[in-house]
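So you can see what is in the structure, the chains are spelled out below.
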Amino acid sequence: MKALITGASSGIGRDMARVLASYGIDLVIVARRGERLQELKAELSDQVDVTTVCLDLAEPGNCCLLYEKFRREPIDILINNAGFGLAGTFEQTDLDRELAMIDTNVKAVHILSKLFLHDFIERDFGYILNVASSAAFLPGPLMAAYYASKAYVRNLTLAMRKEVQKQHANVAITTLCPGPVQTEFEQVAHVKFAVAGKASDEVAKTAIDGMFANQAQVIPGPLMKLAYISCKLFPTAWLSEVSYHIQKRKG
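Residues numbered from 1 in each chain as written. Predicted model: local features only at pLDDT ≥ 70, side-chain atom pairs only at ≥ 80, totals over all residues. Heavy atoms only, no water.

Draft legend 1. Spatial organisation of the environment of P220. Assignment of secondary structure puts P220 in the loop between β7 (217-218) and α8 (222-233). The buried category is assigned to P220, whose relative accessible area is 3%. As for P220 and P178, which are separated by 42 residues in sequence, their C-alpha atoms are 5.7 Å apart. Sequence-distant contacts of P220, that is, excluding residues within four places in its chain, are made with L176, C177, P178, K198, V203, T206 and K225. (Helix = DSSP H or I, 4+ residues; strand = E, 2+ residues; numbered from the N terminus. Buried < 20%, exposed > 50% of the residue type's maximum accessible area, 1.4 Å probe, protein only. Contact = heavy atoms within 4.5 Å.)

This is the structure in structure tokens:
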């Protein structure tokens, strides 16, 4: 089997590559930072075959180029992990940075999922794991666009999953919705988590195993599972107020 992982140069993406390599699955690892990809390749090449692709998926055309490059490999597992956050009030955050985030968090996931899903259904085999966030469960004042982007990823993935089930296709589609994770996210988004983040390698292992078990949604940790249940019980206005105060503490 072969897996393609975006955002593989650090954090959850890097640890997912390590988990898959330990399972003997060949890798195509994609990110903007080529040097880090080469370091990961050197680490894992004694276990599996590793191909690196240095590419910025904020450019939609690059997503299509990536698909065309590997569509005939074939790829068996697609993991859309590339993404980043941006904090601040909506009227003050930088528009160009925000649009780049939407291109990465939303458009890249949409394009790659659509293109590879078509091939997976045609072959009647494949796995898609799209990385959303616990942010997808509620509005996110002070990180409005980021929360909205992750809600898009989660809802898109769950809708894809239902369509595939109705077609009786042998394709597993899973969304990962972690809470805070110990990665570079805080530095990039200029926030500090209000609670301690879970270890990235632990989240990666939970996500990969959940994908292979064909779970619809992976929510690592009892605290985030409780948060998910709470988001279903309380009114949106209350959730927005709570979310605002959590984000303000992060800032």
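Draft legend 2. Seen up close, the pairing of strand β6 (residues 171-176). Counting buried positions along β6 yields six of six residues, so the element is predominantly enclosed. Covered by surrounding structure in β6 are V171, I173 and T175 together with A172, T174 and L176, the residues of both alternating faces. Taken together, the six bridges between strand β5 (residues 126-131) and β6 define a ladder with parallel strand orientation. Bridging from a neighbouring strand, I128 pairs with I173 of β6. Inspection of the sheet shows β6 paired to β7 by two bridges, in the parallel sense. By the bridge assignment for β7, L176 is matched with V218. (Pairing = 2+ DSSP bridges.)

Draft legend 3. Structural view of helix α3 (residues 60-70). For α3, every residue scored as buried is listed here: N62, C63, L66, Y67 and F70. When α3 is viewed along its axis, its buried side chains cluster within an angular range of 140 degrees and face the same direction. (Arc of directions from axis to C-beta.)

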